[in-house]
Number of protein chains: 2
Amino acid sequence: MAGFFDGAPATEASGLVGFSGNRIDRRSEHRSADSVAVALRDAAARLYLLRGDKVMLAAEGQPLFGSADATALGISAGKAVLLGWADEAPRLAAAVPDAATIDEAATPLIDLRTLASTGGVSPEHLGALAQARSLLFWHGRHGFCANCGARTEIANGGYRRDCAACGTQHFPRTDPVVIMLAIHGAGIDERVLLGRQLQFPPGMYSALAGFLEPGETIEAAVRRETLEESGIRIGRVRYHASQPWPFPAMLMIGCHAEALTTDIQRDATELEDCRWFSRAEAEAMLTGTHAEGFKAPSPIAIAHRLVRAWVER
Amino acid sequence: MAGFFDGAPATEASGLVGFSGNRIDRRSEHRSADSVAVALRDAAARLYLLRGDKVMLAAEGQPLFGSADATALGISAGKAVLLGWADEAPRLAAAVPDAATIDEAATPLIDLRTLASTGGVSPEHLGALAQARSLLFWHGRHGFCANCGARTEIANGGYRRDCAACGTQHFPRTDPVVIMLAIHGAGIDERVLLGRQLQFPPGMYSALAGFLEPGETIEAAVRRETLEESGIRIGRVRYHASQPWPFPAMLMIGCHAEALTTDIQRDATELEDCRWFSRAEAEAMLTGTHAEGFKAPSPIAIAHRLVRAWVER
């Protein structure tokens, strides 16, 4: 009898999207109250430093700093989070305090999306920066207990916040989002559904997407979101790939979806346009050669990979 | 050319798990400030009433009540959430106030897990109750703004809480959890990895599982959690099914995973035991006929479906 994974592709679709190159060894079972302090005493410890969505780069263009650099910016051990280890050296992250002045000539601040699309740093760094950005955003917005309103304190290496007043423990959140390419027909009549949000760059069309809600399966969320945004009914759903999307902390769950209908009833509050595209059109959109200037999202986006996987099939 | 979904199974694996039978039409794009009040004025409106994990049942064993029943228990419109519509009638949910006395002879309170495993109510109700339970738990624990500590108010039909003090909008959370069946070998040597948590019923073994963390793909979380809990290294990962798990608000993401190693290094803080099982053993565990009394989780659990899909392949 053949093995369960015989015939499964050796290349993982989730490995092709932006922010998926994280190689940090998280050792999540070994986090403790003094994880960050112990890690910072290791001379080999290095930190990612962020201000909101922006990443600080060192002189040589790399995003890592020593603990002395962090201290000089006013970052205390109690403000850092321990991402894990890389080559047995602790790897941390911290937000640069608002009060700190940054010499942007020496250490420029570059937007994380820009870093991802220009390839300015390695996929390993981008993955770790996604982890850092999501965690730091959560700490920045969760200084108080949602259960009782008291101040909370960072705990467990940055993977928890504790409320001393009511005893509630709070954990970082990750919001699952379904993103789906609806496919209708077969052969030369096969077409895919793409939509435009108002804030997209001119000509860009992408896969429909929306937050998965409490009490839904992935497949149910794909059907609901597609129906709500486009009026198209979905039959079978096939998982393709997932992606961490650190704006601020999403898990993108990418699927192909079987369209059972073709009559688009667009939700005008969500989408500026929504239409069917042929394989030839979609291919031209991926390569930037569409006659009308339409284009697909950049290769770092999971929507790009959903379209490409269908085009190249 | 064949269609993209030719050969895809007509039966959806996610449709076989407990709590996946939700048929509520959520109409998420049409929620507004007065959604709940308008819905409650509809004579056809019906509510699910919960106290923590327990569901109130009406005399005929069904979990639906009219708005007069809710009012009699001291539930105001401002405390209910609008799940959506069923057969064009509004379907809501509310927590029974602590102060309300319930006549359990007339309207018994039954634990949601018990209802799910005994099949006391329909799959449609169980799915809606999962949605209700996750939402109501979130409201119960999020009366204050995590950003500034002020009190928040329910908004948008129960799908948001707003802070008037700092303007932050808070949304219900759903926590992605990976649950995976590691498979090693092929043919008669093929075996799967199952573990026991201390709190499991005697003899029960299940698939390993853990929370997906910020900055991870599903596949990376499967590899990390398996390695951390069992020491087993994972190669390819194949998504199988997902499940809403309302204790309190998880999205279970079920995968099969290719084990590359066999030497178990168990994390004793997470697992009381962890071992390899043959197909014959796993089959006996599913049917409750294992010679040593080992058993798999119940059919409502996604872990049961991961094991069964492998056994029946």
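Residues numbered from 1 in each chain as written. Chains lettered and ligands numbered in written order. Predicted model: local features only at pLDDT ≥ 70, side-chain atom pairs only at ≥ 80, totals over all residues. Heavy atoms only, no water.

Attention shifts here to the overall build of chain A. Broken down by element type, chain A carries 7 helices and 14 strands. Each principal axis of the C-alpha atoms in chain A carries an extent, and together these give about 65 × 55 × 45 Å. Within the span of chain A, comprising 313 residues, buried residues form 57% of the whole. A separation of at least 24 residues holds for 64% of the contacts in chain A among residues at least 6 apart in sequence. (Helix = DSSP H or I, 4+ residues; strand = E, 2+ residues; numbered from the N terminus. Buried < 20%, exposed > 50% of the residue type's maximum accessible area, 1.4 Å probe, protein only. Contact = heavy atoms within 4.5 Å.)

Residue and element names in this part refer to chain A. Taken N-terminus to C-terminus, the directions of helix H6 (residues 279-287) and helix H7 (residues 302-311) make an angle of 130°; their axes are 10 Å apart at the nearest point. Taken together, the axes of H6 and H7 are oblique relative to one another. The interaxial crossing formed by H6 with H7 has left-handed handedness. Contacts between H6 and H7 involve Arg 279, Ala 282, Glu 283 and Leu 286 from the first element and His 304, Val 307, Arg 308, Trp 310 and Val 311 from the second. In the contact of H6 with H7, the residues fall into 5 nonpolar, 1 polar and 3 charged. (Axes fitted to C-alpha atoms, helices over the stretch in contact; angles between N-to-C directions. Parallel < 35°, antiparallel > 145°, perpendicular 65-115°, else oblique. Left-handed = near helix turned anticlockwise from the far one by under 90°. Nonpolar A, V, L, I, M, F, W, Y, C, P; charged D, E, K, R; others polar.)

Residue and element names in this part refer to chain B. Here 5 strands make up an open sheet; going across it, the order is E3-E4-E1-E2-E5 and the pairing mixed. The open sheet has two free edges, formed respectively by strand E3 (81-86) and strand E5 (109-111), since each of these has just one partner strand. Averaged over all neighbouring strand pairs, the angle between strand axes comes to 30°, with direction disregarded. Sheet topology note: the E3/strand E4 (residues 89-95) ladder contains 5 bridges and is antiparallel. If you follow Leu 82 over to E4, its bridge partner there is Leu 92. (Pairing = 2+ DSSP bridges.)

This part is about the relation of the copies chain B and chain A. Once chain B is rotated about the relating axis by 180° and shifted along it by 0.0 Å, it coincides with chain A to within an RMSD of 0.0 Å. Here the copies are linked by what is in effect a two-fold axis. In terms of C-alpha distance to the rotation axis, chain B has Gly 149 of chain B as its closest residue, with the C-alpha 2.1 Å off the axis. (Least-squares fit on C-alpha atoms with pLDDT ≥ 70 in both.)

This brings us to the interface of chain B and chain A. The partner chain A presents 74 residues to the 73 residues of chain B that form the contact. Where chain B abuts chain A, roughly 6200 Å² becomes buried across the two surfaces, and 54% of that area is made up of carbon and sulfur atoms. Among the residues chain B hides against chain A, the three largest losses belong to Phe 4, Phe 5 and Pro 214 of chain B. Together they make up 14% of the total. Across the chain B-chain A interface, the total number found is 8 salt bridges. Here Arg 26 of chain B and Glu 216 of chain A are joined by a salt bridge, their closest N and O atoms 3.8 Å apart. Mapped by element, the contributors of at least two residues to the side of chain B that touches chain A are helix H4 (123-141), strand E9 (175-184), helix H5 (218-230), strand E12 (234-245) and strand E13 (250-259) of chain B. A class-by-class count of the residues in the side of chain B that touches chain A yields 28 nonpolar, 21 polar and 24 charged. (Buried area = accessible area lost by both parts, 1.4 Å probe. Salt bridge = Lys/Arg side-chain N within 4 Å of Asp/Glu carboxyl O.)

On to the pairing of E4 of chain B, then. Residues and elements named next belong to chain B. Of all 7 residues that make up E4, 6 are buried, and the element is covered over most of its length. Of the pairings in the sheet, the one linking strand E1 (residues 46-51) to E4 comprises 5 bridges and is parallel in character. Across the sheet, the residue bridging to Leu 50 is Ala 95, located in E4.

Before going further, it helps to examine the pattern of salt bridges. Following the criterion strictly, the structure yields 34 salt bridges over all chains and no others. Between Arg 223 of chain A and Glu 12 of chain B there is a salt bridge, and its shortest N-O distance comes to 2.4 Å. Taken together, the residues Arg 223 of chain A in helix H5 (residues 218-230) and Glu 12 of chain B in the segment before helix H1 (35-41) connect one chain to another. A relative accessible area of 28% places Arg 223 of chain A in the partly exposed class. Relative accessible area serves as the criterion here: at 22%, Glu 12 of chain B is assigned to the partly exposed category. The partner of Glu 272 of chain B in a salt bridge is Arg 196 of chain B, and the shortest N-O contact between them spans 2.6 Å. One end of the pair, Glu 272 of chain B, is in the loop between E13 and strand E14 (273-278); the other, Arg 196 of chain B, is in strand E10 (residues 191-196), with 76 residues separating them in the sequence. Take Glu 272 of chain B: its relative accessible area is 35%, and that puts it in the partly exposed class. Through salt bridges that share partners, Arg 26 and Arg 31 of chain A together with Glu 213, Glu 216, Arg 224, Glu 225 and Glu 228 of chain B make up one connected network.

Model confidence for chain A is summarised by a mean pLDDT of 95, while 99% of its residues fall at 70 or above. Reported confidences for the modelled complex are a pTM of 0.97 and an ipTM of 0.97. (pLDDT = per-residue confidence, 0-100.)

Further remarks concern H4 of chain B. Note: α-helices contain 3.6 residues per turn, so residues at a spacing of three or four share the same orientation. Taking 1.5 Å per residue as the helical rise, H4 of chain B with its 19 residues ought to reach 27 Å, and the 27 Å between its terminal C-alpha atoms agrees with that figure. By the criterion of burial, H4 of chain B is predominantly enclosed, with 14 of the 19 residues buried. (Expected span 1.5 Å × (residues − 1).)

A few words now on the side chain of Ser 20 of chain B. Along the chain, Ser 20 of chain B falls in the segment before H1. The class for Ser 20 of chain B is buried, based on a relative accessible area of 15%. Once residues lying within four places of it in the same chain are set aside, the contact partners of Ser 20 of chain B are Thr 217 of chain A together with Ser 14, Gly 15 and Pro 244 of chain B.

Here we take up the packing of aromatic side chains. All names here are of chain A. One pass over the structure, following the stated rule, counts 15 aromatic pairs over all chains. Each ring, one from Phe 4 and one from Phe 5, has its centre 5.4 Å from the other, and the planes form 65°; the classification is edge-to-face. For Phe 4, a relative accessible area of 8% corresponds to the buried category. Here Phe 5 falls in the buried class, since its relative accessible area comes to 5%. (Phe/Tyr/Trp six-rings, centres within 6.5 Å; stacked < 30°, edge-to-face > 60°.)

A word on the pairing of E9 of chain B. Residue and element names in this part refer to chain B. Counting buried residues in E9 gives 9 out of 10 residues, a clear majority hidden from the surface. Two strands pair when backbone bridges link them, and E9 and E13 are joined in this way by 9 bridges, in the parallel orientation. Paired with Leu 181 across the two strands is His 256, which belongs to E13. In this structure, E9 lies alongside strand E11 (residues 208-211), joined through 4 bridges in antiparallel fashion. Within the sheet, the bridge partner assigned to Val 178 lies in E11 and is Gly 210. In this sheet, E10 lies alongside E9 in antiparallel orientation, the contact comprising 3 bridges. Across the sheet, Ala 182 pairs through a bridge with Leu 193, a residue of E10. In this antiparallel pair of consecutive strands, E9 and E10, the connection spans 6 residues, and Gly 185 shows a positive phi of 80°.

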